[in-house]
2 protein chains.
Amino acid sequence: MSLNQTVAHADLKAFIARCLGACGMPESDAATVAGLMAQADLMGQDGHGVFRLPMYIKRIHAGGMNMTPNFTRLHERPATALIDGDNGMGHLVMHHATELAMQKARGTGVAWVGARHSNHAGPASLYAMMPARENMIGLYLAVGSANHMPPWGGTDMLLSTNPIAVALPSRDFPPIVLDMATTVAAYGKVKTAAQRGEMMPEGWMIDRDGKPLTDPNRAADGFLLPIGGPKGYGLSLIFGILAGVLNGAAFGRDVVDFNADATSTTNTGHVILALDIAAFADPVKFRADIDDVWRQMKSSARMTGVDEIRLPGERLNKVTRDRTAQGIPIPAPLRETLADLARDLGVAAL
Amino acid sequence: MSLNQTVAHADLKAFIARCLGACGMPESDAATVAGLMAQADLMGQDGHGVFRLPMYIKRIHAGGMNMTPNFTRLHERPATALIDGDNGMGHLVMHHATELAMQKARGTGVAWVGARHSNHAGPASLYAMMPARENMIGLYLAVGSANHMPPWGGTDMLLSTNPIAVALPSRDFPPIVLDMATTVAAYGKVKTAAQRGEMMPEGWMIDRDGKPLTDPNRAADGFLLPIGGPKGYGLSLIFGILAGVLNGAAFGRDVVDFNADATSTTNTGHVILALDIAAFADPVKFRADIDDVWRQMKSSARMTGVDEIRLPGERLNKVTRDRTAQGIPIPAPLRETLADLARDLGVAAL
C-alpha cells in the first residue's frame with residue numbers, strides 16, 4: 001500500500017481473495033466475491049466493501065456461513081427461478097442468480113430470480129449493474145440484514161432498510177444507477193456519525209416518543225424513519241415481502257441481526273430482475289434516449305444555491321473513475337484491522 | 001340516486017357505460033372501462049373514478065382519444081410485450097395489457113408488458129390488483145399525466161408524480177395493496193385543498209426559492225416535493241423511464257398536460273408486471289404467510305397516540321366493503337356535473 005493510504009483495485013481484490021481462500025473458499029468463488037467486494041469500494045460504497053471483510057470472516061470462523069455451498073433451483077420456469085443459496089456468501093449467491101436471470105431474459109425478455117438461504121451481499125447496485133453492462137435493465141431488491149424500523153406508528157423493530165437498486169445503460173453519459181434504502185438514512189450512516197462524533201440531522205431517526213433523535217450514540221433508543229412516512233414504510237414492507245416472504249427467506253421477526261449474531265443462519269432473501277432492452281426497443285436508440293434524459297435533467301433551471309442537477313449514479317461513476325486512476329483510500333483504522341486479519345489468516349498483507 | 005347522495009356500484013358502472021357508449025365506444029369496451037372507473041370509486045379513489053368522466057369526454061369530443069383503438073404488439077417475447085394503445089382510453093389499454101401479462105406469467109412465471117400511446121388509466125392499484133385476484137402478484141408503474149416536479153435542485157417541471165402500485169394476495173386478511181405517488185402528496189390532493197379552501201401542510205410543495213408553499217391557490221408558483229428528497233426524485237425518474245422511455249412513450253419535456261390540453265395525443269406509457277406465485281411457493285402457503293405479515297405488523301407495540309398500525313390496502317378494503325353495502329357517495333357539485341353530462345349526451349341520468 002502506498003504512503004497516501006490508497007490501494008489499487010486489483011491489489012484490493014487480490015487481498016480479499018487471499019483472505020477468503022485461507023478460509024476455505026474455492027479459488028474461483030473467492031475471485032468472484034473479491035471482485036464484487038472490491039468493486040463496492042471502487043464505486044465509493046465504503047460501508048459495503050472490504051470494510052465488511054472482518055465481519056464476514058468472523059461469521060465464517062463461527063460456522064455461520066458455508067464456504068462450499070451447493071446452489072439448487074427449488075422452482076424453475078422459463079422466466080423465473082428460486083435459488084437456495086445453501087448459506088453461501090451473499091455475493092456468490094446473487095452473482096449466480098443474476099447470471100441466471102440474464103441468461104433467461106435473453107430468451108424470454110424478462111426474468112425474475114429469487115434467492116433464499118443467502119447472506120449479506122454488499123451494495124444493491126452491484127447486481128443491478130450486471131445486466132446494465134449487457135444491454136439489459138437490472139432491478140434488485142433485498143431484505144436488509146438487521147431490523148432498524150417499526151411499521152408506521154409502531155415501536156417493534158419488524159422492518160429493515162430494505163433497498164432497491166435499478167440500473168439503466170446509457171451511451172455517452174454514465175449509466176443511471178439508483179441504489180437506495182427505503183429509510184431516510186441507511187443504518188451505516190448512523191454508525192459513521194457515531195464514529196466521527198457527529199450529531200445526525202433531524203429526520204433520520206426518532207425515539208420511542210416520536211421525538212427527533214439526533215445523537216447517534218442513542219441510536220438504540222430509537223429507530224430509522226422511512227422516506228415519505230407511511231409511503232416508505234409501504235415500500236420497505238413490499239420489497240421485504242418480495243425478497244423475503246415469497247422466497248421463503250427471513251422477514252419480520254425472523255430476521256437475524258447479522259451484526260450481533262455471527263452463528264445463526266440469516267436466511268437472507270434477495271430478488272434480481274433482468275429485462276432485455278431489445279424486447280422493447282432498439283438498444284442503441286434506448287441508450288441514446290437515456291443520454292437525452294441526462295441532458296434534459298442537467299439543463300433544468302436551478303434553485304438558488306444549487307450548483308448542478310445530479311442524476312442517480314453520477315457520484316458512483318465519478319468515484320469509480322477517480323479511484324480507478326488514483327486508488328482506493330483505506331483509512332488507517334481499517335488498514336490496521338486488515339493487517340491483523342492477514343496475520344491471523346497467515347496471508348500476505350494488503 | 002338516493003336522497004343521501006349515494007349510488008350503487010352497479011348503477012354507477014351502468015351510467016359510465018351509457019356515457020361512453022354515447023361517445024361511440026363499443027359496448028363491451030364501455031363495460032370494461034366503466035367497470036374499472038366505478039371500481040376506483042368503490043375503493044375510495046374518488047379523484048380517479050367518475051370524477052374524471054367529464055374530462056375524459058371533453059377529450060373524446062375534442063378528438064383527443066380514439067374510441068375504436070386497434071391494439072398492436074410492437075414487440076413480443078414469451079414473457080414480454082410492448083403494446084401500442086392506438087390512443088385508446090388508458091383503462092382499456094391497461095386492462096388488455098394486464099390480461100396479456102397474466103396469461104404469459106401463467107406459463108413463464110413472470111411477465112412484463114409495457115404500453116405506449118395510451119392515456120390516463122385511473123388509479124394504479126386497479127391493474128396491480130387484477131393479478132392478485134388470481135394467485136399472482138401485480139406491479140404497475142406509469143408516467144403521470146402532467147409534470148408537477150423538477151429534478152432535485154431544479155425548477156423546470158420535467159417529472160410527474162410517477163406512481164407505483166403493488167398488490168399481494170392474502171387469505172383471511174385483505175390483500176396488501178400499495179398505491180403511491182413518488183411525491184409526498186399527489187397533485188389531486190392539492191386541488192382538493194384548493195376546492196375546500198384549506199391550507200396545505202408544509203412538506204407537500206415548495207416555491208421556486210425553496211420555501212414551503214402552503215396556499216394551494218399558489219400551486220402554480222411552486223412544485224410538489226418528492227418523498228425522501230433525492231430518493232423520491234430518483235424513484236420518479238426511474239419509474240418514468242421504465243414506463244415512458246423504454247416504451248417509446250412520453251417522458252420529460254414531451255409529457256402533455258392532459259388537464260390543460262384536450263386534443264394533443266398524450267402518448268402515455270405504463271408497465272404491468274405479473275408474477276405467478278406458484279413459480280416460487282405454494283400459493284396457499286404464501287397467502288397464509290401474508291396473513292402472518294398482517295398479524296406481525298398489527299401486533300407491534302404502538303407509539304403514544306397511535307390507535308392502530310395500518311397496512312397498505314387496509315383503507316381501500318374497508319372503503320370497498322362500506323361502499324358495496326351503503327353505496328358510493330357523490331358530492332352535490334359532481335352530481336350536477338354528471339347530470340349536465342347526461343343531458344348533453346342524451347343518456348339517462350345517474
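Provided above is the structure to which this section pertains.
Residues numbered from 1 in each chain as written. Chains lettered and ligands numbered in written order. Predicted model: local features only at pLDDT ≥ 70, side-chain atom pairs only at ≥ 80, totals over all residues. Heavy atoms only, no water.

Peer 1: Before we move on, can you summarise the relation of the copies chain A and chain B with the specific residues and values?
Peer 2: Note on the copies: chain A fits chain B at an RMSD of 0.0 Å, the axial shift is 0.0 Å, and the rotation between them is 180°. Viewed as a symmetry operation, the transformation between the two copies matches a two-fold axis. When the interface residues of chain A are mapped onto chain B, 100% of them again lie at the interface, so the same face is used by both copies. (Least-squares fit on C-alpha atoms with pLDDT ≥ 70 in both. Contact = heavy atoms within 4.5 Å.)

Peer 1: Explain the interface of chain A and chain B residue by residue, including any values.
Peer 2: In this assembly, 80 residues from chain A lie in contact with 80 residues from chain B. At the boundary of chain A with chain B, total buried surface from both sides reaches about 6,300 Å², with 71% on carbon and sulfur atoms. One can count 30 residue pairs in polar contact (both at pLDDT 80 or more) joining chain A with chain B. Counting residues per element, the side of chain A that touches chain B draws most heavily on helix H7 (residues 230-243) of chain A, which supplies eight residues. Residue composition of the side of chain A that touches chain B, by class: 50 nonpolar, 18 polar and twelve charged. (Buried area = accessible area lost by both parts, 1.4 Å probe. Polar contact = N/O pair within 3.5 Å; in protein donor to acceptor, adjacent residues only side chain to side chain. Helix = DSSP H or I, 4+ residues; strand = E, 2+ residues; numbered from the N terminus. Nonpolar A, V, L, I, M, F, W, Y, C, P; charged D, E, K, R; others polar.)

Peer 1: So what's going on with the pattern of salt bridges? Which residues, and what values?
Peer 2: Residue and element names in this part refer to chain B. Throughout the structure, instances matching the rule amount to 30 salt bridges over all chains. Glutamate 314 is the partner of lysine 298 in a salt bridge, and the nearest nitrogen-oxygen pair spans 2.6 Å. Of the two residues, lysine 298 is situated in helix H8 (residues 283-298) and glutamate 314 in helix H9 (residues 314-326); the sequence distance between them amounts to 16 residues. Among the residues examined, lysine 298 registers a relative accessible area of 22% and is labelled partly exposed. For glutamate 314, a relative accessible area of 16% corresponds to the buried category. Between arginine 343 and aspartate 340 there is a salt bridge, with its nearest N and O atoms 3.0 Å apart. Remark: aspartate 340 and arginine 343 occur in helix H10 (residues 332-345); sequence separation between them is three residues, near one turn of the helix. (Salt bridge = Lys/Arg side-chain N within 4 Å of Asp/Glu carboxyl O. Buried < 20%, exposed > 50% of the residue type's maximum accessible area, 1.4 Å probe, protein only.)

Peer 1: Tell me what's going on with the packing of helix H3 (residues 53-61) of chain B against H10(B), and back it up with residues and numbers.
Peer 2: If you want to describe how two helices pack, look at the angle between their axes and the distance between the axes. Residues and elements named next belong to chain B. It is at 10 Å that the axes of H3 and H10 come closest, and there the two elements cross at 30°. For the element pair H3 / H10, the angle class is roughly parallel. The hand of the H3/H10 crossing is left-handed. Touching Leu53, Pro54, Ile57 and His61 of H3 are Thr337, Leu338, Leu341 and Leu345, all from H10. When grouped by side-chain class, the residues that make up the contact of H3 with H10 number six nonpolar, two polar and no charged. (Axes fitted to C-alpha atoms, helices over the stretch in contact; angles between N-to-C directions. Parallel < 35°, antiparallel > 145°, perpendicular 65-115°, else oblique. Left-handed = near helix turned anticlockwise from the far one by under 90°.)

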